Amino acid sequence: MGVSDDNASLAPVRGKARIDVIDILRGIAILGIFYMNIPFMGNSGILGTTDVRRIGWSLADQRVWSFIEITWNGTQRGLLELLFGAGAMVLTARAMRPDGPVAVADLFYRRNLWLLAFGLIDIFLIGWIGDILHIYALAALFIFPFRKLSARVLILLGLVYAVGSGFGVIGGGGYMEYRDRTELMQTAEAARTKQEAKKPLSGQETKALAEWQKKVDRFDLSKPLDKEFKQFHEQEVKAHRAGPLEFLPWTWGTWKFVFVDDHGSFFGVLEAIGGMFIGMALWKLGVIQGLRSKGFYAALTIAAYAVGCGLRGYGVMELLPFTPAPKIYWIIDEFARLAVTLGHVGLVNLLVQTRVGKKALSPFKAAGQTAFSLYFLTSILGLWVIFAPWGLNLWAVYSWAGLAAIATVVIALLLILANIWTIWFLTGPLEWAWRSLAYWQLQPFRRHHGQATLPAEPGTEANPALPT
C-alpha cells in the first residue's frame with residue numbers, strides 16, 4: 001500500500017502521548033457490553049423481550065437482572081459513544097486549524113467507512129444481529145462538521161435525542177406512549193364498569209377493552225404467546241438447533257426486521273450521534289481524559305449516580321409488577337442512561353487518580369488497546385462456540401443469573417488474554433488491519449523490546465497537548 005506525504009504526517013500517536021484512562025474506559029466498555037449481549041446469544045431474544053420472566057425468574061435471576069438494569073444496561077454502549085466522540089476530537093485536531101490538511105477529513109471518513117465494512121462482517125458472516133459497529137460508523141459520518149462547536153452547544157445537541165425520545169417525538173415512545181396507554185387504561189376501566197353494570201358498550205369501548213385485555217394477557221405466563229410471537233419463537237428455536245446454513249439466514253432476517261423494517265438502525269444512529277456529541281464536549285472540557293481534579297470527579301460520580309441510578313431504580317420498581325400500566329420510566333429512560341454513563345466516567349477517572357485504583361484498573365488498559373478484536377471475539381465465542389449446537393450447545397439452558405456468570409468467566413479470560421497478547425504485540429489483529437486500511441499503509445504489529453504500545457484504533461489516541 002502506498003501513502004502520501006499528507007497521510008504520513010497523520011501517523012497514530014503512541015507512547016507517552018496516550019492517556020491510560022481512555023484505554024481503561026474503552027476496555028471496561030467493550031468487555032462490559034457482553035453482559036447485555038449474552039442474553040440474546042444464549043437464550044431466546046423473543047421471550048426475553050416480551051417478558052423477562054419467560055427465560056427464568058428465580059431469586060438470583062431477579063437480583064442479577066435488576067442490578068444490570070440499574071447500573072449497567074446501555075451504559076457500556078454509552079461509554080463507547082462518548083469515547084467515539086472524544087476520539088473524533090483527537091483525530092480531527094489538525095483540521096481545527098485554519099490551515100488544517102484535507103487529509104484529516106479523508107482519514108476520518110475512510111476510517112469510519114472501513115468500520116462500517118467490519119460491522120457488516122459482524123452481522124452477515126458472524127451472525128451477530130446486535131452489532132454496534134455499523135451503528136457507530138454511520139453516526140460518526142455525521143459528526144465531523146460539528147467539531148468546532150463549543151462544549152455547551154455540543155451538550156445541548158447531544159441531549160436532543162434524549163428529549164425527543166422522552167417526549168415521543170423520536171420513535172413514538174416516551175410521553176406519547178405514556179399518554180396513549182393512560183387513555184387506553186382509563187377507557188378500558190370505564191368500559192369494564194359499564195359491562196359489570198350490564199350497560200351496552202360502544203364500539204370504541206369494546207375495542208379498547210379487548211386491546212387492554214390483550215396487553216394484560218401478555219404478562220400472564222400461564223397464557224401462550226401471541227400467534228406472531230409464537231411463530232417467531234419457533235423459527236428462533238429451529239435456527240438455534242440447526243446448522244450454520246440455517247442459522248445465518250435466520251440472523252439476517254431478524255436483523256433486517258429489527259434494524260431495517262422496524263427502523264432500529266435509524267434510531268440507534270440518532271442515539272449514537274447524541275452520545276458522540278456529548279463525548280466531544282467532555283473532551284473539550286477535559287473531563288473524559290482525566291484533566292479535572294479528584295474533587296470534580298468525586299462530585300460528578302455522586303451526582304450522576306444519584307440521579308441515574310435513582311431514576312433507574314424507580315423504573316425497575318415500575319417494571320417489576322409486570323402489568324401494562326403506563327410508566328414514567330418511558331419518559332426518563334434515556335436521561336437515566338446518560339446519567340449513569342457519566343457516573344462511570346467520573347468513577348473511573350477518580351479511581352485512576354489514586355494509586356490503588358489505578359493499579360486495580362490497569363489490566364483494562366490492554367483490553368482497551370485490543371477492544372475491536374475482543375468485540376469480535378465475544379461474538380464468535382457466544383454464537384459459534386458456547387451456545388452453538390456444534391459447540392457447547394448451551395443455548396436456552398441458562399437464565400439471567402447463569403448467563404451473567406458465564407459472561408463473567410468469559411470476560412475474565414479475555415482480560416487475561418488481552419494482557420498476554422499485548423506483551424508480544426503492539427495491538428490486536430483487527431486493530432492492526434483497521435489501522436492499516438485507514439492510514440492506507442501497513443502498520444507495525446509485533447512488539448520489539450522497549451517499543452511503545454500503539455493506540456487501540458485509529459483516531460482514538462489521547463493527546464492532551466493537541467488543540468481541541
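One structure accompanies this document, and this report is about it. Keep in mind that this is a model prediction, so the values were computed, not measured.

### Comments concerning the overall build of the chain
Stage number 1. The helix and strand inventory of the chain stands at 22 helices and zero strands.
Stage number 2. Taking 468 residues into account, the globule formula puts the C-alpha radius of gyration at 23 Å, and the chain, at 24 Å, falls close to it.
Stage number 3. With the principal axes as the frame, the chain shows a C-alpha extent of 85 × 50 × 40 Å.
Stage number 4. Counting every position in the chain, which comprises 468 residues, the buried fraction comes to 51%.
Stage number 5. Restricting the contact set of the chain to residue pairs at least 6 apart, pairs at least 24 apart contribute 78%.
Stage number 6. Summing over all exposed atoms, the chain offers an accessible surface of approximately 21000 Å²; the carbon and sulfur share of this is 66%.
Stage number 7. Mean positive and mean negative side-chain charge positions of the chain (44 and 35 charges, respectively) differ by 6 Å.

### Re unusual backbone geometry
Stage number 1. Residue Phe 322 is not a glycine yet carries a positive backbone phi of 55 degrees.
Stage number 2. Mapped onto the elements, Phe 322 comes out in the loop between α16 (294-319) and α17 (329-352).
Stage number 3. The class of Phe 322 is buried, set by a relative accessible area of 13%.
Stage number 4. Phi at Asn 393 is positive, roughly 60 degrees, even though this residue is not glycine.
Stage number 5. Examined against the element boundaries, Asn 393 turns out to sit in the loop between α20 (371-386) and α21 (400-424).

### A few points about a nonpolar patch on the surface
Stage number 1. Taken together, the side chains of Leu 159, Val 163, Phe 167, Val 169, Tyr 175 and Met 176 make up a nonpolar region of the molecular surface, amounting to roughly 530 Å² of accessible area.
Stage number 2. Along the chain, Val 169 falls in the loop between α10 (160-166) and α11 (174-196).
Stage number 3. We classify Val 169 as exposed; its relative accessible area is 69%.

### Description of the nonpolar core
Stage number 1. By size, the foremost hydrophobic cluster in this structure holds 89 residues, and its most contacted members are Leu 31 and Ile 288.
Stage number 2. Among all residues touching Leu 31, those that are not within four sequence positions of it are Phe 364, Ala 367, Leu 374, Ile 411, Leu 414 and Leu 415.
Stage number 3. In this structure, Leu 47, Trp 65, Val 316 and Phe 322 belong to the second largest nonpolar core, which totals nine residues.

### Re the environment of Ala 86
Stage number 1. Among the secondary structure elements, Ala 86 is positioned in helix α6 (residues 75-91).
Stage number 2. Exposure remark for Ala 86: the relative accessible area of 4% places this residue in the buried category.
Stage number 3. What Ala 86 contacts, discounting residues up to four positions off in sequence, is Gly 279, Met 280, Trp 283 and Ile 288.

### So, the side chain of Thr 75
Stage number 1. In this structure, Thr 75 sits in helix α6.
Stage number 2. Thr 75 sits in the buried class, given a relative accessible area of 0%.
Stage number 3. There is a polar contact of 2.7 Å between the side chain of Thr 75 and the backbone oxygen of Trp 72.
Stage number 4. Side-chain polar atoms of Thr 75 contact the side chain of His 344, separated by 3.2 Å.
Stage number 5. Excluding anything up to four places from it in sequence, Thr 75 contacts Arg 312, Arg 337, Val 340, Thr 341 and His 344.

### Observations regarding the packing of aromatic side chains
How two aromatic rings sit relative to each other is set out by the distance from centre to centre and by the angle between their planes.
Stage number 1. Evaluation of the coordinates by the stated rule reveals 25 aromatic pairs.
Stage number 2. Taking 5.7 Å as the distance between ring centres and 75 degrees as the angle between the ring planes, the aromatic pair formed by Phe 372 and Phe 376 counts as edge-to-face. Of this pair, Phe 372 and Phe 376 both sit in helix α20, separated by four residues, roughly a single helical turn.
Stage number 3. For Phe 372, a relative accessible area of 5% puts it in the buried group.
Stage number 4. An aromatic cluster is present here, built from Phe 118, Phe 372, Phe 376 and Trp 434 joined pairwise through their rings.
Stage number 5. The positively charged end of Arg 147 is found above the aromatic ring belonging to Phe 144, 4.1 Å away from the centroid.
Stage number 6. The ring centre of Phe 296 lies 4.6 Å from the NZ or CZ of Arg 292, which sits over that ring.

### Comments concerning helix α8 (residues 133-143)
Stage number 1. Burial runs high along α8: eight of the eleven residues are buried.
Stage number 2. By the burial criterion, the buried members of α8 are Leu 133, His 134, Ile 135, Tyr 136, Ala 137, Ala 139, Ala 140 and Ile 143.

### Section: the side chain of Glu 81
Stage number 1. Turning to its location among the elements, Glu 81 is positioned in helix α6.
Stage number 2. A polar side-chain atom of Glu 81 sits 3.4 Å from a polar atom in the side chain of Arg 337.

### Regarding the packing of helix α2 (residues 20-32) against α20
Stage number 1. Two elements in contact, α2 and α20, have axes whose closest approach is 9 Å; the angle formed by their N-to-C orientations is 10 degrees. The angle between the axes of α2 and α20 places the two elements in the roughly parallel class. The residues of α20 that touch α2, namely those facing Arg 26, Ile 30 and Leu 31, are Ala 371, Leu 374 and Tyr 375.
Stage number 2. Per-class residue counts for the contact of α2 with α20 are five nonpolar, no polar and one charged.

### With respect to α2
Stage number 1. In this model, α2 (13 residues) spans 18 Å end to end at C-alpha, consistent with the 18 Å of a helix rising 1.5 Å per residue.
Stage number 2. Most of α2 is tucked away, with twelve of its 13 residues classed as buried.
Stage number 3. Turning to α2, its buried residues are Val 21, Ile 22, Asp 23, Ile 24, Leu 25, Arg 26, Gly 27, Ile 28, Ala 29, Ile 30, Leu 31 and Gly 32.

### Topic: the packing of helix α7 (residues 102-126) against helix α22 (residues 429-439)
Between two packed helices, the angle of one axis relative to the other and the distance separating the axes together describe the packing.
Stage number 1. Between α7 and α22, the least distance of the axes is 8 Å, while the angle of their chain directions is 140 degrees. Classified by the angle between their axes, α7 and α22 sit oblique to one another. Here α7 and α22 pass one another in a crossing that is right-handed. Of the residues in α22, those touching α7 at Leu 107, Arg 110, Arg 111, Trp 114, Leu 115 and Phe 118 are Leu 430, Ala 433, Trp 434, Leu 437, Ala 438 and Tyr 439.

### Quick word on the pattern of salt bridges
Stage number 1. A full pass over the atoms with the stated rule returns 14 salt bridges.
Stage number 2. Residue Arg 26 pairs with Asp 23 through a salt bridge whose shortest N-O separation is 2.9 Å. Of this pair, Arg 26 and Asp 23 both sit in helix α2, three residues apart, which is roughly one turn of that helix. Per residue, the accessibility class of Arg 26 equals that of Asp 23, and both read buried.
Stage number 3. When the shortest N-O distance is used, the salt bridge between Asp 106 and Arg 110 registers 2.4 Å. Taken together, the residues Asp 106 and Arg 110, both in helix α7 and four residues apart, mark about one turn of the helix.
Stage number 4. Assessed through its relative accessible area of 15%, Arg 110 is described here as buried.

About the cut-offs
- Residues numbered from 1 in each chain as written.
- Predicted model: local features only at pLDDT ≥ 70, side-chain atom pairs only at ≥ 80, totals over all residues.
- Heavy atoms only, no water.
- Helix = DSSP H or I, 4+ residues; strand = E, 2+ residues; numbered from the N terminus.
- Rg over C-alpha atoms; globule rule 2.2 N^0.38 Å.
- Buried < 20%, exposed > 50% of the residue type's maximum accessible area, 1.4 Å probe, protein only.
- Contact = heavy atoms within 4.5 Å.
- Areas by Shrake-Rupley, 256 points an atom, 1.4 Å probe, with all protein chains shown as cover.
- Lys, Arg positive; Asp, Glu negative; His and termini not counted.
- Charge placed at Lys NZ, Arg CZ, Asp CG, Glu CD.
- Patch = residues over 30% accessible without salt bridge, like charges linked within 9 Å, V, L, I, M, F, W, Y side chains within 5 Å.
- Salt bridge = Lys/Arg side-chain N within 4 Å of Asp/Glu carboxyl O.
- Core = buried A, V, L, I, M, F, W, Y, C linked by side-chain atoms within 4.5 Å.
- Polar contact = N/O pair within 3.5 Å; in protein donor to acceptor, adjacent residues only side chain to side chain.
- Phe/Tyr/Trp six-rings, centres within 6.5 Å; stacked < 30°, edge-to-face > 60°.
- Lys NZ or Arg CZ within 6 Å of the ring centre and 35° of its normal.
- Axes fitted to C-alpha atoms, helices over the stretch in contact; angles between N-to-C directions.
- Parallel < 35°, antiparallel > 145°, perpendicular 65-115°, else oblique.
- Nonpolar A, V, L, I, M, F, W, Y, C, P; charged D, E, K, R; others polar.
- Expected span 1.5 Å × (residues − 1).
- Left-handed = near helix turned anticlockwise from the far one by under 90°.

By themselves, these observations are geometric and do not establish any function.
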